Amino acid sequence: MSQEGLALAVERMRDRGMGPEAVTVFEHYYQQLEEGAHGTIPEDTIEPLADLQELGEVRVSDDDARAALRQTAVIKLNGGLGTSMGMSGAKSALEVKDGLTFLDIIAKQVLALREEWGVDLPLLLMNSFRTSEQSLEILAKYPTLPVDGLPLDFIQSAEPKLLADSLRPATWPQDPELEWCPPGHGDVYVSLLTSGILETLLEKGIRYAFISNSDNLGATCDPEVAAWMVERGLPYVAEVCTRTKSDRKGGHLAVRKADGRLILRDTAMVAEGEEQYFGDIKRHNTFHANNLWVDLSVLRDRMAERDGVLGLPIIVNRKTVDPSDPSSPEVIQLESAMGAAIEVFEGSEALLVPRTRFRPVKTTNDLLVVRSDYFVLDDSSHLVAVGDGPEPFVDLDPAYRLVGGFEKRFPHGVPSMIECTSLRVIGDPVFGRNVRCIGDVLVDGLARVEENAVLEGPRQGSAGDTRTVDQHLKAILSSLDPSPIESVPLTESLGLVVARDVRSRVNLPAFDNSSMDGYAVQASSLEGADESSVRLRIVGEVAAGVDPTFSVGPGEAARIMTGAPIPPGADAVIAVEQTDGSATGSVECRASVSTGRYVRPRGEDVSEGSVIVSAGDVVGPRTIGLLAASGHASVEVHRRPNVVIMSTGTELVPPGEPLGPGQIHDSNSSMLWAAAVAAGASAEIRAAVGDTDAELLAALDDCVANADVIITSGGVSMGAYDVVKSALADKGVEFVKVAMQPGKPQGFGYLSGPGDLRVPIFALPGNPVSSFVSFEVFVRPALRRLMRLAPERRPVDVATLTSGLRSPEGRRQYGRAIVSRNSDGALTCQPLAGQGSHFVADLSRANAIFVVPEAVTDLVAGEKVDVILLDS
Ligand code: AMP
Ligand code: MG
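Residues numbered from 1 in each chain as written. Chains lettered and ligands numbered in written order. Predicted model: local features only at pLDDT ≥ 70, side-chain atom pairs only at ≥ 80, totals over all residues. Heavy atoms only, no water.

A word on the packing of aromatic side chains
Each aromatic ring pair is described using two quantities: the centre-to-centre distance and the angle formed by the ring planes.
Here is step 1 of the chain: Under the criterion given, the structure shown has 10 aromatic pairs.
Here is step 2 of the chain: Between the aromatic rings of F748 and Y750, the centroid separation amounts to 5.6 Å while the plane-to-plane angle is 75°, which identifies the pairing as edge-to-face. One exposure class covers both F748 and Y750, and it is buried.
Here is step 3 of the chain: Taken together, a centroid distance of 4.9 Å and an interplanar angle of 55° make the contact between F748 and F762 tilted. In this pair, F748 is assigned in strand β46 (residues 745-752) and F762 in strand β47 (residues 758-764), connecting sequence segments 14 residues apart. You'll find F748 and F762 in the same group, each marked buried.
Here is step 4 of the chain: Each member of the aromatic cluster is reached from another via a ring pair, and the members are Y400, F406, F410 and F431.
Here is step 5 of the chain: The aromatic ring of F278 is capped on one face by R243, whose charged end is 5.8 Å from the ring centroid. (Phe/Tyr/Trp six-rings, centres within 6.5 Å; stacked < 30°, edge-to-face > 60°. Buried < 20%, exposed > 50% of the residue type's maximum accessible area, 1.4 Å probe, protein only. Helix = DSSP H or I, 4+ residues; strand = E, 2+ residues; numbered from the N terminus. Lys NZ or Arg CZ within 6 Å of the ring centre and 35° of its normal.)

In structure tokens, the structure reads:
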């Protein structure tokens, strides 16, 4: 069947005018796909890169640089459509900085290099059939850009998208162009050859090509690399950058043990179960920047030897035929990565380059930073960072994900980011003109950000003696990364947030079936049965779970049970109540039926491939039912964080054990465990530790590898034995005073674990009530943030006080209360007597917390107060 698929696909390519080389390469990939190649590279077949040459240590003279540049062409991969950012045309036509598009900036960079070095540096775009026209229109603004004898672009091949189930070419009459895709950027080599550009370049004395993505503004044609390549006689150079903990995706280079050659391993090539090696940024400490330098004469030789097929590993890219319509048929796009060619060039090298050479704009988060004043374009149109701090981390709400939504919400440009370390936006406010972000900024739940607003969050590293509750909470929340995405069995998914859309694997119902006990018939057999009854011959019986082997013809009937498949031939069911109920022989029918009566058609409820559960949905019992019915045993969710709880205090004894003098039972551990589980996390209690630094550090060391969050209680105030504070203050945990009561002393930070692990740790005060309130106010929202559960905070109601109360000035008071609803539905709040932070009985009796604002010191009976209901 798939041989037929291949033949059909090839025929289409020929009809479209694809050259023989492109067809041969496609055939080669198709065969690999059929043979089940998925191109994985197991960890034990490779060795990490070692001893890298650094660009900063390369020394070349100006003359050598100029000579090398004279033999170099700049090629930009420009087939990208920006669909993931909601664009319909070429991604590089997006205005990215100072009103200039990517292509404007690329053109200006090339023109500046020409002027500086006095060379003719050609620029060539590799366009897809969908990006060419629009891109050339932009470049037409630069009349001096074309170089004699060379076009400004060449067109990448196109290949048919293949239906995932049959591997035949997909058809999509609504928009036939969507039946085609470019075969990945690995096609650059084939297209250089088939377009004749390779030959033309060599004839013109251009021996080297610098190839990079058009959305990477840092990828400028650096003459030093060209000169280094010439001096060393290298056939191929791949630029790599040092990986940081946020670079877990993308590909990396490694040495293949079998032949010592450099190879590229992309995300898609990681063997199952080996993700930890791929993610280990100490082991594979650089990533592939997709900036390549190729000796074109060597390329020509390799292509000739191999009949135009470099034989790059395939990448199987699964999408829907219309990428903007998730319910359109699933297709496979056969692709290859251009960086994979490194294995074809014997003697190729990796070059460690600064991060500034890798500055892609993949998301609107990236776009915000590039557009902002954190970067400027210098005289040579190179993107240069102005701020001296690290590049701000930006995380915008999904409302800003597509360029349209982004532009609408920044109608006057993006905020100033020079002084910003991070910006998270929750909700979808429109930003006014001239907004400044300073420090770690969290925008949460605002309808709009006013003109000239200064959004100031806590600056990283500044201790800040006393902070408000909101400042402390923002500092915590804005530092948290969402819980990793993991596929979990349905029985472990309850309450978690779905991370990726899920499609049905089946039709529901899976087959036409009966909704009644009765007889399957052809409706036409019962014409006139309302007036005088009709007898039908019984030809068989179908129970649920049975596949009927007979068919029902005119004048015939088959007994059928609810849920059983409708036998072939039948088109309706007559209910048993309207017959004489015979089991054999013939059945007397006393009513006519219309076609389709009591038939539940296949796919009526859910059609195969349609999205049944969306990213962001919270998994509940009914979601689980639907997933199971649709063929799923597991679901991808934000993982349930594991919370490790550890109390401190030499006086503590586990619950249930006898008390010695001065000892008390450790109640916080059990309480915090329950609070964490009630918040949707999983939790475990570790044995309480005594009040010495060594004991605490050893116990934390033991648990850090298994914890997603750590909570300690006790030892954070000013006492002589405040172990948590003394042991952790120089270990990345910040201890602050928060303007609240109870819960003033708070610690929060990150403990480092094995590898690159950073585990958030909450150091809560030891008094049970303080511990509880601190959990409610800080830890619970943080756990929900990790799990991506909204809303993060409990709703606030308003209740009428039954008695007056006093509250400290300048601190927000969280008191315990019983809140009830009176007969007319209004809430009343009765503060409990034991407001001291050691009163566990009144804490347990309370069903609510009342909140008195910082500025309020007195409230009398009958006044309104904010309340948070605890058990809702
Ligand atoms: P600390 O913050 O360690 O000074 O503790 C403050 C108060 O809370 C002291 O009275 C402790 O005995 C008490 N306490 C500390 N940890 C716990 C715990 N795990 N369970 C119950 N009470 C505790
Ligand atoms: Mg203590």
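Concerning the side chain of H472
Here is step 1 of the chain: Here H472 shows up in helix α13 (residues 469-479).
Here is step 2 of the chain: Not counting the four nearest positions on each side in its chain, H472 is found in contact with R467, V736, V738, Q746, F748 and F778. (Contact = heavy atoms within 4.5 Å.)

Thoughts on the pairing of strand β6 (residues 123-127)
Here is step 1 of the chain: Across the five residues that make up β6, a large majority, five, are buried.
Here is step 2 of the chain: Side-chain alternation along β6 places L123, L125 and N127 on one buried face and L124 and M126 on a second face that is also buried.
Here is step 3 of the chain: Note that strand β3 (residues 72-77) and β6 share four bridges and pair parallel. Residue pairing for β6: K76 is matched across the bridge by L125.
Here is step 4 of the chain: Here β6 runs beside strand β7 (residues 153-155); their pairing, made up of three bridges, is parallel. Within the sheet, the bridge partner assigned to N127 lies in β7 and is I155. (Pairing = 2+ DSSP bridges.)

Quick look at the nonpolar core
Here is step 1 of the chain: Judged by nonpolar contacts, the single largest core of 69 residues is most densely connected at V188, Y189, L192, Y236, L296, L299 and L334.
Here is step 2 of the chain: If you tally residues by element for this core, the top one is helix α2 (residues 20-34), at seven residues.
Here is step 3 of the chain: Setting aside residues no more than four positions away along its own chain, Y236 makes contact with Y189, M229, L292, W293, V294, M338, G339, A341, I342, F345, S348 and E349.
Here is step 4 of the chain: Membership of the second largest hydrophobic core comes to 55 residues, among which are L473, I476, V497 and I849. (Core = buried A, V, L, I, M, F, W, Y, C linked by side-chain atoms within 4.5 Å.)

Quick look at the sheet that holds β47
Here is step 1 of the chain: A sheet is described by the order of its strands in space; here seven strands give the open sequence β27-β44-β46-β47-β43-β39-β42, paired in mixed fashion. Looking at which strands have only one partner, the edges of the open sheet turn out to be β27 (466-467) and β42 (682-689).
Here is step 2 of the chain: Bridge count for strand β39 (residues 642-648) against β42 is six bridges, and the pairing is parallel. Bridge pairing in β42 places M646 opposite R686.
Here is step 3 of the chain: Strand contacts of helix α18 (residues 768-787): β39, β43 (709-713), β44 (733-738), β46 and β47, with the helix running at about 160° to β47, the strand carrying the most contacts. (Axes fitted to C-alpha atoms, helices over the stretch in contact; angles between N-to-C directions.)

Thoughts on the environment of S682
Here is step 1 of the chain: Looking at the secondary structure, you find S682 in strand β42.
Here is step 2 of the chain: Residue classification places S682 among the partly exposed residues on the basis of a relative accessible area of 26%.
Here is step 3 of the chain: In sequence terms S682 and V644 are 38 residues apart; their C-alpha atoms lie 8.8 Å from each other.
Here is step 4 of the chain: Setting aside residues up to four positions removed in sequence, S682 forms contacts with R640, P641, N642 and V643.
Here is step 5 of the chain: One polar contact links S682 to N642, side chain to side chain, over a distance of 3.2 Å. (Polar contact = N/O pair within 3.5 Å; in protein donor to acceptor, adjacent residues only side chain to side chain.)

Overview of α18
Here is step 1 of the chain: If you look at α18, its biggest bend is around 40°, right at F775.
Here is step 2 of the chain: Two residues or fewer after α18 comes R788, characterised by a positive phi angle close to 65°. (Bend = angle between axes of the 7 residues up to and from the residue.)

Some words on the site of ligand 1
Here is step 1 of the chain: Contacts to ligand 1 come from 16 residues, most closely from S647, E651, D666, S667 and G715.
Here is step 2 of the chain: Side-chain polar atom of S647 to a nitrogen atom of ligand 1: 3.1 Å apart, as the coordinates give it.
Here is step 3 of the chain: Here a nitrogen atom of ligand 1 sits 3.3 Å away from a polar atom, N or O, in the main chain of N668.
Here is step 4 of the chain: A total of 480 Å² of accessible area belongs to ligand 1 in isolation, and the protein chains cover 76% of it.
Here is step 5 of the chain: Those elements that place two or more of their residues in the shell around ligand 1 are β39 and β41 (664-665). (Near = heavy atom within 4 Å. Areas by Shrake-Rupley, 256 points an atom, 1.4 Å probe, with all protein chains shown as cover.)

Quick notes on the sheet that holds strand β13 (residues 252-256)
Here is step 1 of the chain: Read across the open sheet, the three strands follow the order β1-β13-β14; overall the sheet is antiparallel. The sheet terminates laterally at β1 (46-48) and β14 (262-265), the two strands that pair on one side only. The mean inter-strand angle of the sheet, taken between neighbouring strand axes irrespective of direction, is 50°.
Here is step 2 of the chain: Here β1 runs beside β13; their pairing, made up of three bridges, is antiparallel. Directly across from I46, in β13, lies its bridge partner R256.

Scope: geometric values only; no functional claims are made or implied.
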